[in-house]
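Descriptive analysis of the structure
Here is how the chains run, residue by residue.
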Amino acid sequence: MSALTELAEASRTVVARAGTGTVAIGRDGRGTGIVIAEGRVLTNAHNLRDRTTQVTFADGRVAQAEVTGSDVDGDLTVLAVDTTGATPLEWAEAEVDQGDWVFALARGGLRGVRVTSGSVSARGRAFRGPRGRRVAGSVEHTAPLARGSSGGPLLDATGKVVGVNTHRVERGFYLARPADDELRRRVAELSAGVSPVRRRLGVALAPAGVATKLRTSVGLAPRDGVLVAGVEDGSPAAAAGLARGDLIVRAGTRDVATPDDLHDALADTIGGDTLELALVRGADELTVTVSFAVPASADPAPVDAASADTAETPAAEGDNPS
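Sequence order sets the numbering: in each chain, residues are counted from 1 along the sequence as written. Given that this is a predicted model, residues contribute local features only at a pLDDT of at least 70 and side-chain atom pairs are listed and counted only at 80 or more, while totals for whole chains, interfaces and linings are drawn from all residues. Excluding hydrogens and water, the side-chain values take into account all heavy atoms of the structure.

Turning our eyes to something else, we now look at the sheet that holds strand 12 (residues 173–178). Strand pairing is assigned whenever DSSP detects at least two bridges linking the two strands. The numbering of helices and of strands both runs from the N terminus, where a helix is a DSSP run of H or I of at least 4 residues and a strand a run of E of at least 2. If you trace the 6 strands once around the closed barrel, you get 7-8-9-12-11-10, paired in antiparallel fashion. Direction aside, neighbouring strands of the sheet carry axes that sit 50° apart on average. Bridge count between strand 11 (residues 161–170) and strand 12: 6 bridges; the pairing is antiparallel. Along strand 12, the bridge assignment pairs Glu170 with Phe173. To get an axis, fit a line to the C-alpha atoms, keeping to the stretch in contact for a helix; angles then go from 0 to 180 degrees between the N-to-C directions.

What follows is about the sheet that holds strand 3 (residues 40–43). Whether parallel or antiparallel, the strands of a sheet pair through hydrogen bonds between backbone atoms. One closed barrel accounts for 6 strands, arranged 1-2-3-6-5-4; its pairing is antiparallel. For this sheet, the mean angle separating the axes of adjacent strands, direction not counted, is 40°. Pairing of strand 2 (residues 31–37) with strand 3, which is carried by 3 bridges, proceeds in the antiparallel orientation. When the sheet's bridge partners are listed, Val35 is paired in strand 3 with Val41. Set on the sheet, helix 2 (residues 181–191) makes contact with strand 2, strand 3, strand 5 (62–71) and strand 6 (76–80); between it and strand 6 the angle comes to about 40°. In this analysis, two residues are considered to be in contact whenever any of their non-hydrogen atoms come within 4.5 Å of each other.

Here it is as structure tokens:
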């Protein structure tokens, strides 16, 4: 049997075993989802616009799904929906490695199932979730993903899930969150209705380099830091007095030069009620204390990347195939 014949046979096997468990997300098929258990569908958080969304199955049946649990920063959401007639996909026993051949299924765009194939080109890649937090450890592969493919399964030749497709990073290369122990644990929590809790300041951050250009343009010395581009009404940042144009240079004990530094400082506050920020406002330096006295709950439903948070604008590294 030739290599091409083997590849064609593997593609048919993947569709036969995983096709009914691959569903379309949204009335317009903006994304793809994975049936992971009876009554549960996994997809990317950025595929949703509200707490409910339409799911279209392989047999053409349409059902309304509700969010069970969501990790917006990790770009994962689990939906509760009647999955009758769809066979849940299985996790692969082993993770993929560089050079392994993989297959991608998608049902986005409401055009039926699409199968593509490629190889794992790299591991340990990173992207930014819908609100700008860095998600590390992704698998890079070359299986082409058309619009509507994000949230769909990346599969091995037996039709078992080795990853969840997320982003197009550049011409011909795509990212998937690997189906490792960490992802499976998070998916199990989301399926049970447990969403992660992460601190939010409630600010939007300008892209890197903007602060330096602005300060130079008005005759101020350059400073490392992240520039506040907007403040969400009613947020902890608003209550602390942060304003558009502030440069955050330190958060807690961490010097802040990138959004990731700020995210790490926010993670350090879990279990505490406050975070001290050092700001530069024009030529003045000041310190403010942000209060998290009322615990911030995790967002049960995804938000648009443009909403105010500790996200750079744009929020993601690379294009999104959905």
